[in-house]
Structure formats: structure tokens, C-alpha cells
Amino acid sequence: MNSVLFGRNGFRVCKVCWKWCGLRRSFKKEKGVYIVDQIWKGVPEKGIKEAVSVTRLDCFPAKTLLYCNYFCLKCGGGVFVFLQDLSLPNGTPVDTSSPASSSSLLNRLQLDDDLDGETRDLFVTVDDPKKHVCTMETYITYRVTTKTTRAEFDLPEYSVRRRYQDFDWLRNKLEESQPTHLIPPLPEKFVMKGVVDRFSEEFVETRRKALDKFLKRIADHPVLSFNEHFNVFLTAKDLNAYKKQGMALLSKMGESVKYVTGGYKLRSRPLEFAAIGDYLDTFVLKLGTIDRIAQRIIKEELEYLVELREYGPVYSTWGGLEGELAEPLEGVSACIGNCCTALEELSDDMTEDFLPVLREYILYSESMKNVLKKRDQVQAEYEAKLEAVALKKEERPKVPVEVEKCQDRVECFNADLKADMERWQNNKRQDFRQLLMGMADKNIQYYEKCLTAWESVIPLLQDKPETK
Amino acid sequence: MERPEGEQRGASGSGPAGEAEAGSGPVLEEPGSGATDTTMEDCLSKKIEITVSEAEKRTGRNAMNIQETYTAYLIETRAVESQTEGQCSPPDSLWRRYSEFELLRNYLLVNYPHIVVPPLPEKRAEFVWHKLSADNMDPDFVERRRIGLENFLVRVASHPIICQDNIFYSFLTQEGGWKEMVNETGFQLKADSRLKALNATFRVKNPDKRFTELKHYSDELQSVISHLLRVRARVADRLYGVYKVHGNYGRVFSEWSAIEKEMGDGLQSAGHHMDVYAASIDDILEEEEHYADQLKEYLFYAEALRAVCRKHELMQYDLEMAVQDLASKKQQCEELATGTVRTFSLKGMTSKLFGQETPEQREGKIKVLEEQIHEGEEQLKSKNVEGREFVKSAWADIERFKEQKNHDLKEALINYAVMQISMCKKGIQVWTNAKECFSKM
């Protein structure tokens, strides 16, 4: 029997194409059953293209809906959308009429297609850092503003203040509750004391940008953005109260968080995950090199700047000695001064915009590696159980439900991971395209400024017509 | 290798000059200093075309029979007229080495003290950025020196006065026996060793304000240009670093592209552009060296300018000394004639101790003194004339030099600006190409 898997918030991946299931948003709970009123339709290669509203959960022909969840048990060509509700027996198709609100929900959709072709309905920004000085500690808080059309939120807008350790809490919570997903990285917590001033404007701004990126990545994620903790983080007036409550829960749930089965060695990592692992290793290595090169360039540029700053005034001094040459020499001096300014802007931009993105991706890859490790553990657990069953096979010919569940979990994990990886690859491609184009642009601007400066010197040097 | 010989020659040059100190005869009699007006059209450079076309490494034995390696330069001269007539006659050519150029310049310096004699290119590389070798045999250095030497010859040949010098003409046309010819002129005897003592200052009572200012200017010019050259070399070093580190992107992008699917091609070709970017700096800085050489020429010109000032200072000093000498002699004479001793002197003491001189003795002394006074007055007169002539001709040449300097430096600065502009354009081009690759990712 083809068992039906229950995922979080109804997200699944098609077993055939391994792409995201289209079910994206807009569902609500009714009498213990999730009712879906929207699914996504599209072609896997090109991403999800359009949203279709369904009036009832039904079978869809496979041709039109490639982003499917599970194949219809009856026709095999459509999709049933199952939603997580543990109160329901496995595999029962939900046959409920859609609530009347479906069309109005659809109308609330903000159909601003971004590059993914996905519709965004949750906008989070981090801004306005403020310094707080208490007797015990000094820290920075950031304003987190949320705008959304999602039904999970009571209000369309929220604004709260959070500090770094709140972000850190959120990330830990996400990692605990969504172990199969790739959680975006936070900027490094620790900075070398003395080297960086934690309260300097530059540092706070760089961190703000990174935190902003962190929340945006979560908000754009089809699963993570529905996470309860994330919701609380964005909306709760008093996060600390919630945190305390969560502590008690955590101790109870501890078991589900851990997948570790002592000492069992994974028989074989599926090829595609092995490939992801290899890819990440190389990728991190290359990014590290690029990071070092970029830093070295900035260092060289600053040293160049120091010399250039000395170079310009020498022309000015010389101009002071001369009569006819005074003006041209002053002109050269001023021109070199302009080049200095342009160079300074260039290296500032690179420090502020280029390096943080590289760092984020290095950290991102590290969290990806962690998820991979967790996946291996889940698979290991499954294999261990399967082996144990095989030994007892003569006694009990039927595979126990427990093992089947475990297999489901592995498949679920694989599906989530693959989807996240693909998502990550897409983001990476876009981010790096933007980053590198930005670098090229900054350099072009720098050269253009220098070009203008030098071109303005030429007329000063040319003999004036009357002296000719 | 070349240097010991050059120094040896230099030392032998200053030796006899030291003895000849007293005999630094009237400058007026020097050839060419008679301010025979020469227009630019009469310049040697208009009649013949001078090129230093080749440099060759040679090994030989010097006077001490010690093996040495040196570079010889091929000087080619060709009459301009024959060219215009279409008969392209083969150029006259001969080989000279750097030390011979030095000898020529020393000769010119001594014989034309009122002229700002064009400088030679540096003996060894200075103010270069680290990538360039400081080796005298380095092909780049030899090449730059070849250009410098040619420039020197052209400058001398275009100078309205010194282009007429016979020794210079022979330098261009007569390979053998030239050194002997130079030495026969005895120019070394005329060299004033006091000019060589760099730190000596002569306390001149009435310095010519113009020359003081000029001296001050040349000091400042020298210091500012050498500062400029030093900083420029450092700037070049740093710029080199910035470009070359970008080259590492080329490698990483290419390695990275191997693990990427969609991004791979864009990265790979962007990496190629980064390689191009890194490589482009070599040509840029090599070209900039030419600018540095132009500045260097003026760094050395500052020294030549100062030589003229020093010469003037020395003449003024001699003049003042002569005036002083004359005044004291006149006073002595008066004292003897009137018998009064105005100031306390040893002579007064001796006369008091040993009694008065006989009138005959006194007469004789007065006569000798009067003769000396007369002689001194004549000398003073000629020194005055000589000084005036010097100032006149030196100033004429300084004016010419200033004009030349303004013109040359403007041109050098324009070239420099054009170089910078082309560097910026190259930079824009490379980054635009790279951007296009990135955008395809």
C-alpha cells in the first residue's frame, strides 16, 4: 500500500519529479481537518507559474499539475492534497467543500511575482538599530517590521524590537522544530574583542543587513515561514515570556528532536547527497579563497590609497615653485585627490557589501552540511531498524509499522532536503550574480570617476590658443 | 663593471684641476661663450639626424687589464639634407660607451659653465618600482638608457651654443682617438675644484638676487622631483599589487566554475577577464616608467642648473676677494706714504721695535704696492667684465632652459594624463566584459 505521509503544514514533494508540491498557502483548520483552497500549478523546469484556486479537493490530471503531492490512489494521475492532522487516519482523502472565503483569500494575494515566480505575501524588514545601556549590559536592538496578508497573522502589520540573542533563539527553535530543513545562517555572534568595536556604526550596520537577510530568507521559505516560532518572533510583544514557556515544552519534546541512534554506520549515502556534500566542501573552500582574495585586495587598495594621498600633494608643492606650470600641476594634484576619493568609496563598498555576502554563504553552507549530517542519522536509524527486522523475518513476515514510519521519515527528510537544496542553489545563483555584477559595477564606477578626473586635467595642460 | 673605470676617470679629472685652481683663467676666452648668436635653424640637430640605435653588451679589458663587461651604444648620424633629396645615404655610425658620454658631458660642463648642460640618464637605476631590475645589464634598463642617451645627444645638438662644439662633433663622427682629443684640450686643468666640493659655501657679500633665487629654486625642484619619483615608485608598487591580486580571482573562478552547472560558463569567462585585468598592469607600468624617466631628466637638470649658479657664486666670490685685496693694498700704500698707521698691525709693531725703514726701502715698497694695485685694478676690471658677460650669457641660457622645461613638462604631464585615461578605459572595458559574464550566470 502506498502510504501517505504527513508533513508540516501540508508541504510535500512529488515523488516522481521531486519538486516542491504546489500547496503553498491559504488553508485553514476546520473541524480538525485542513482545508485547502489554493494550490500552485506550473512546470517543474520553469518554476511555479500561477496560482489556481480549487473549490474542492479533487483529482487533477497529471499533465496540468506537475507539482503534485501524492498520486491519486484511484486514478494515479492526479493529486490528493493531504494535510497534517494526526487525528485523521492515514490515507483518508479529505472530501470537504471549500469554504466560501476562498475567493476572497485569493483576492488578498499579492501577486508580485519575484524572480522565483513565487508570490510573496510576507514581508519582513530589520532596521533602526538602537543602543540600550543597562546596569548589567549594553546591547543593540533592531526593529523588526512585518507586513503580511497571511491568515495566520491576526494583523496585517507588526513592529517589534529584537536583539541578537532573540534572533539566535529563533534560529535554534527553527533548527529544533524543522530538523529536515536548511535554516539560513545568522551573522557570527562573537567578534574578536579589540579588533572590532561591537557598537561602531559600521559593525551594527553590517549586522543589521545580515539579520535582515536572515529573516527575509525565512519569510520567503515555503515551510519555515509558517513556523510557529517564527510567527511568535515577529509578533509577540513579550518574547521572553514565550521563551520561558518554550523551555518547558522542549524538555518534553526532546526525544523527537534527536534522531541519533548510537553507533550505527550508514551503509551508503545516496549518490545525490554524497554529491551535495562534495559540492558544499568545494564550494566553501572556494568561497574561503575568494574571501581572502577580496580582503587582500581591500588591503592593497588601502595601501595604494595611502601612497596616492601622499602623491597628490607633491604635485601641489611643485606647483608652488613654478610659474607657468603652477596651474597644470595643481590640476594634477586635485585630480589625484579625486581619484583618492573614488578609491576610498570603492574599498568601502567592497568591505560593506561584498565581504558580508561571502561570509553569509560560508555559514549557509555550514548549516547545509549540518542538515546533511542529520539526514544521514535518520537514514542510519532506518537502516538499523530494517536490519533488525530482517533478522527476525522468519518469525514475523510483516514489516512493522514502526519501520515503515521510519522509512517515511527518511523519504520525508530527503524530499525536504532536496527541495531546500534546490532552493538554495537558486538563491545562490541569484545572489552571486548580483554580488559579482555589483563588484564589476563598483569597479566600473571607480574607473569612470578617475577617467573624468584625468580628462579634466588635459585642458589645463594644453597650450592656450593665444600663447601658441 | 663600468663604474670603476668611470670613477677612475672622474678622479683623474679632478686631480689636476685642483692644482689649476689659481689659473681658472678668464672665461671670456672660452670658445662659444662669446655669445655668438645662433638661431635654432643653425643647430646641428637641423642638419643631422642623431640616433642611438643599438646597445650591445661587450667584454673587454680596461686600463688595469681587468676583465670588465660594459654596454656599448651605436650612434648613427645622417645628414638631413641628403634625406630630403631622396638619396638615403647610409648613416655614419660608431660605438660609444657610457663612460665616454660622461667624459663628453664633463668636458661640456667645464667649457660652458654658463650653460645648463643637458644631463645624462642615470648611471644606475633609481626610483624604480620593485618589478624592475636595478641591474645595469638588465635589458629594460639598457633600453631606457639608450633612449636617455639619444635624448642627451639630441638635446646637445639642438642647443644653440654647445651644438657648435668641435669635440661634440667629433664625438659623433670620429670613433678612434676621440678620448685623446678631449684630453688634449686640457679641460681638466680648467676645471675649478671648488665647484666639485659640494658642500663648500662661499660667503658672498653681495649675491645676485636672481641667482640666489635660481639656486634656491633648483634645490627645491630637485627635492620635489625626487620626492615625487620616490612616491610614484611606491604608488606603482601598490597599484601593481592591487591588479595582481585580482588575478587570483581568475584562478578561483575557474576552479569554482567546475562545480557549478548554470553559473559555470559565466564564472569561467569572467575568470578569464580577471586574468586579462591582472596582466594589463605590466604594460601600464612599463609605459609609466617613461614618464618617470622624463621627470628624472629634470631632476638631473636641477643639478645642472645649480652648477651654473655655483659657478656664478664662485665668480662673485673671486670678485669680492679681489676688491678686498685691492682695498687692503691701497690702504697699505697710503699708510706707507703718509706714515700713519691707522690700525694696529704687526707691521706697525715691528717698525716700532726695529726702528723706521729707510725712505728708500719705503719708496720701493710703495712702488711694488702701486704696481700690484694697478694690476689688481686691471684684474678687477676684467673680472667685472667677465662677470657681466657670464651673467648675461648664463641668464640667456637659463631663460631658454625655462622655456624648454615648461614645454617639456607640460608634454610629459599630458602624456601621463593620457596614460591614466587609457588605463581607466582599459579598466572600464575589462570590468564591463566581466559584468556581462556575471550577468549571464
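How each quantity is defined
- Residues numbered from 1 in each chain as written.
- Chains lettered and ligands numbered in written order.
- Predicted model: local features only at pLDDT ≥ 70, side-chain atom pairs only at ≥ 80, totals over all residues.
- Axes fitted to C-alpha atoms, helices over the stretch in contact; angles between N-to-C directions.
- Helix = DSSP H or I, 4+ residues; strand = E, 2+ residues; numbered from the N terminus.
- Parallel < 35°, antiparallel > 145°, perpendicular 65-115°, else oblique.
- Nonpolar A, V, L, I, M, F, W, Y, C, P; charged D, E, K, R; others polar.
- pLDDT = per-residue confidence, 0-100.
- Core = buried A, V, L, I, M, F, W, Y, C linked by C-beta atoms within 7 Å.
- Buried ≥ 20, exposed ≤ 12 C-beta atoms within 10 Å, placed from the backbone.
- Contact = placed C-beta atoms within 7 Å.
- Pairing = 2+ DSSP bridges.

What about the packing of helix α7 (residues 326-391) of chain A against helix α8 (residues 401-461) of chain A?
All names here are of chain A. In the contact formed by α7 and α8, the axes pass within 10 Å of each other and the chain directions differ by 175°. Considering the angle they form, α7 stands roughly antiparallel to α8. In terms of residue class, the contact of α7 with α8 is made up of 32 nonpolar, eight polar and eleven charged.

What about the confidence of the model for chain B?
Residue and element names in this part refer to chain B. When pLDDT is averaged along chain B, the result is 80, and 79% of the positions lie at 70 or above. Mean pLDDT values for the elements of chain B range from 38 in helix α1 (residues 2-19) up to 92 in helix α10 (residues 209-257). Confidence estimates for the predicted assembly give a pTM of 0.75 and an ipTM of 0.79.

Quick look at the nonpolar core
Membership of the largest hydrophobic core comes to 145 residues, with the highest contact counts inside it found for C450 and W454 of chain A together with L239, A270 and A434 of chain B. No other element matches the 19 residues that α10 of chain B contributes to this core. Setting aside its immediate chain neighbours within four residues, C450 of chain A contacts C339 and A342 of chain A together with C424 of chain B.

Quick notes on the sheet that holds strand β3 (residues 92-97) of chain B
Hydrogen bonds between backbone atoms are what pair the strands of a sheet, whose relative direction is either parallel or antiparallel. Residue and element names in this part refer to chain B. Strands sit in the order β1-β2-β3 across an open sheet of three strands; the sheet is antiparallel. Edge positions in the open sheet fall to β1 (48-61) and β3, since each of these has one partner strand only. Each strand axis lies, on average, 25° off the axis of its neighbour in the sheet, ignoring direction. Of the strand pairs in this sheet, strand β2 (residues 67-79) and β3 are connected by six bridges, and their pairing is antiparallel.

A few points about the confidence of the model for chain A
Residue and element names in this part refer to chain A. On average, chain A scores 72 in pLDDT, and the residues at 70 or more come to 65%. When pLDDT is averaged over each helix and strand of chain A, the minimum, 31, is found for helix α1 (residues 102-108) and the maximum, 93, for helix α6 (residues 271-321). Here residues 1-118 is modelled with pLDDT under 50, and outside its nearest four sequence neighbours on either side it reaches 198 contacts, counting other chains as well. Predicted confidence is poor over residues 250-263, with pLDDT under 50, and the contacts of this stretch with residues over four places away or in other chains come to ten contacts.

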